[in-house]
Amino acid sequence: MNTTFLDACHSKTTTYTPVWYMRQAGRYMPQYRKLKETHTILDIIRTPELAAQVALQPVDVLGVDAAILFADIMTPLIGIGVDLDIVESIGPVIAHPIATLKDVEKLRTLEPLEDIPYLLQTITILKKELKEKVPLIGFSAAPFTLASYLIEGKPTRDFIKTKSFMYTNTKAWNLLMEKLTNLIIVYLTSQVASGVEALQLFDSWVGSLSESDYQQYVLPHTKKIFESLANKNVPLIHFGTNTAGLLSSFASVPCNVVSVDWRMSITKSWKEIGYTKAIQGNLDPVLLLSDFSVIKKHVDTIFASLPKKEGYIFNLGHGVLQTTPVETVIRLTEYVHSKR
Ligand code: CP3
């Protein structure tokens, strides 16, 4: 088993820099697009053999150092019966968005064995297939990012409904965050029990908050998630985008790795995070649409800026874009592996 990724999560010395990519399984891959001709993404997620097959594709095609479970951040909400769909080119759309305290009170708890058996079966298959290859990363969205979909009902750029709910309906907001926190802890614990070897918490949209609002409305809940998982013996990764303004608070949770986007350099980010934690990131995914010589220059800049090599995991600052050439991702992986 290639433990380079896990070692880097624990800030141990590795012989090369481990690489994986957010959204490494997805529509930029012809194998995935072929499957999507006959299956929706939710079909794939609910069919363990297919979900496992999709998660394995990047391991075989790209040569990455970790696999990530194929699911969506909406999976635990589907598990508790929230009526939603993942609409092509839009993303998650919720039939009845949350608007009142009563809506929050109606959210029930998750029973993984009954509510998401397919996900646990996918992990079982993947563990068998990955045995001598690479570790498997499990994941969940963080409470703020999940709440934003539940309240907005669909992807948004400005988070007006979410933040208004947070500011004006604070009692309901706190209850929502508590319920999502418990849901996420149960969800991630079930993934570890089934065999995932690392966990990433995606707080993709939390960068829309000021640092003081983050501290007041979000951090205590996210912190509780990391504290609850600290004894599971798997490295914990905290991912966000646009977090430059709140990075020290964002990094203050008991996680092993902080994942940052391209808006702030690794040098500055790592200094703020603290060198006892590992760091993951941070190439702009848009760069993968350019000539390889340009990509190389940016990768070189990242490597030249690293204050140390232990505890660095190469990734993009956000997910692989749909129009990315697979060949570019293969070359990038090789190039990062070739660097010391
Ligand atoms: O390879 C992997 O990274 C694992 C699979 C994965 C998916 N979604 C599959 C997926 C992961 C880790 C996610 C997480 C996810 N989903 C996040 C957090 C990461 C991030 O990007 O910030 C978010 C915000 C979502 C919600 C979501 N689901 C969006 C915004 C979209 C894109 C909509 C579109 O069509 O452009 C989805 C759909 C989705 N989830 C796709 C995939 C491969 C693409 C659509 C499809 O295949 O039907």
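Every value quoted in this text rests on a predicted model; they were computed, and no experiment measured them.

Trainee: Is there a simple way to explain the overall build of the chain in this structure?
Mentor: Of the regular secondary structure elements, the chain holds 17 helices and 9 strands. Here the C-alpha atoms of the chain give a radius of gyration of 19 Å, agreeing with the 20 Å that 2.2 N^0.38 yields for 340 residues. Counting only C-alpha atoms and orienting by the principal axes, one finds that the chain spans roughly 55 × 45 × 40 Å. Burial status across the chain gives 56% buried among its 340 residues. Sequence separation of at least 24 residues holds for 73% of the intrachain contacts in the chain that already meet a minimum separation of 6.

Trainee: For this particular structure, what's the right way to read the packing of aromatic side chains?
Mentor: Here a ring pair, both rings aromatic, is described through the centre-centre distance and the interplanar angle of the planes. Inspection of every chain in the model, using the stated rule, returns 11 aromatic pairs. Consider the rings of Tyr167 and Tyr217, whose centres lie 5.9 Å apart with planes at 85°: the pair is edge-to-face. Here Tyr167, found in helix H10 (residues 160-168), pairs with Tyr217, found in helix H12 (residues 211-217); they are 50 residues apart in sequence, far enough to count as distant. You can call Tyr167 partly exposed: its relative accessible area is 40%.

Trainee: Looking at this structure, how should I read the site of the ligand?
Mentor: In the vicinity of the ligand, 27 residues are found, and the nearest of them are Arg23, Tyr32, Lys36, Ser204 and His318. Arg23 places a polar main-chain atom, nitrogen or oxygen, 2.7 Å from an oxygen atom of the ligand. His318 places a side-chain nitrogen or oxygen 2.6 Å from an oxygen atom of the ligand. Relative to its free-state accessible area of 860 Å², the ligand is covered by the protein chains to the extent of 92%. Counting only elements with at least two residues in the shell around the ligand, the list comes to helix H2 (30-36) and strand E3 (91-94). In terms of residue class, the shell around the ligand is built from 16 nonpolar, 6 polar and 5 charged.

Trainee: Can you walk me through the nonpolar core in this structure?
Mentor: Nonpolar side chains in soluble globular proteins tend to be buried together. Core analysis: the largest hydrophobic core is formed by 129 residues, its most contacted members being Phe314 and Leu332. Element by element, the count of residues in this core is highest for helix H11 (residues 170-194), at 11 residues.

Trainee: Can you walk me through a nonpolar patch on the surface in this structure?
Mentor: On the surface, a nonpolar cluster with roughly 240 Å² of combined accessible area is contributed by Val286, Leu289 and Leu321. Tracing the sequence through the fold places Leu289 in the loop between strand E8 (278-283) and helix H16 (292-305). Residue classification places Leu289 among the partly exposed positions, given a relative accessible area of 43%.

Trainee: What's the story with the pattern of salt bridges in this structure? I'm lost.
Mentor: Charged atoms that come close allow side chains of opposite charge to pair. This model, assessed by the stated rule, comprises 8 salt bridges. Glu88 is the salt-bridge partner of Arg27, the closest N and O atoms lying 3.5 Å from each other. Of this pair, Arg27 sits in the loop between helix H1 (4-9) and H2 while Glu88 sits in the loop between strand E2 (84-87) and E3, and the two are 61 residues apart along the sequence. Arg27 sits in the partly exposed class, given a relative accessible area of 29%.

Procedures and definitions
Residues numbered from 1 in each chain as written. Predicted model: local features only at pLDDT ≥ 70, side-chain atom pairs only at ≥ 80, totals over all residues. Heavy atoms only, no water. Helix = DSSP H or I, 4+ residues; strand = E, 2+ residues; numbered from the N terminus. Rg over C-alpha atoms; globule rule 2.2 N^0.38 Å. Buried < 20%, exposed > 50% of the residue type's maximum accessible area, 1.4 Å probe, protein only. Contact = heavy atoms within 4.5 Å. Phe/Tyr/Trp six-rings, centres within 6.5 Å; stacked < 30°, edge-to-face > 60°. Near = heavy atom within 4 Å. Polar contact = N/O pair within 3.5 Å; in protein donor to acceptor, adjacent residues only side chain to side chain. Areas by Shrake-Rupley, 256 points an atom, 1.4 Å probe, with all protein chains shown as cover. Nonpolar A, V, L, I, M, F, W, Y, C, P; charged D, E, K, R; others polar. Core = buried A, V, L, I, M, F, W, Y, C linked by side-chain atoms within 4.5 Å. Patch = residues over 30% accessible without salt bridge, like charges linked within 9 Å, V, L, I, M, F, W, Y side chains within 5 Å. Salt bridge = Lys/Arg side-chain N within 4 Å of Asp/Glu carboxyl O.

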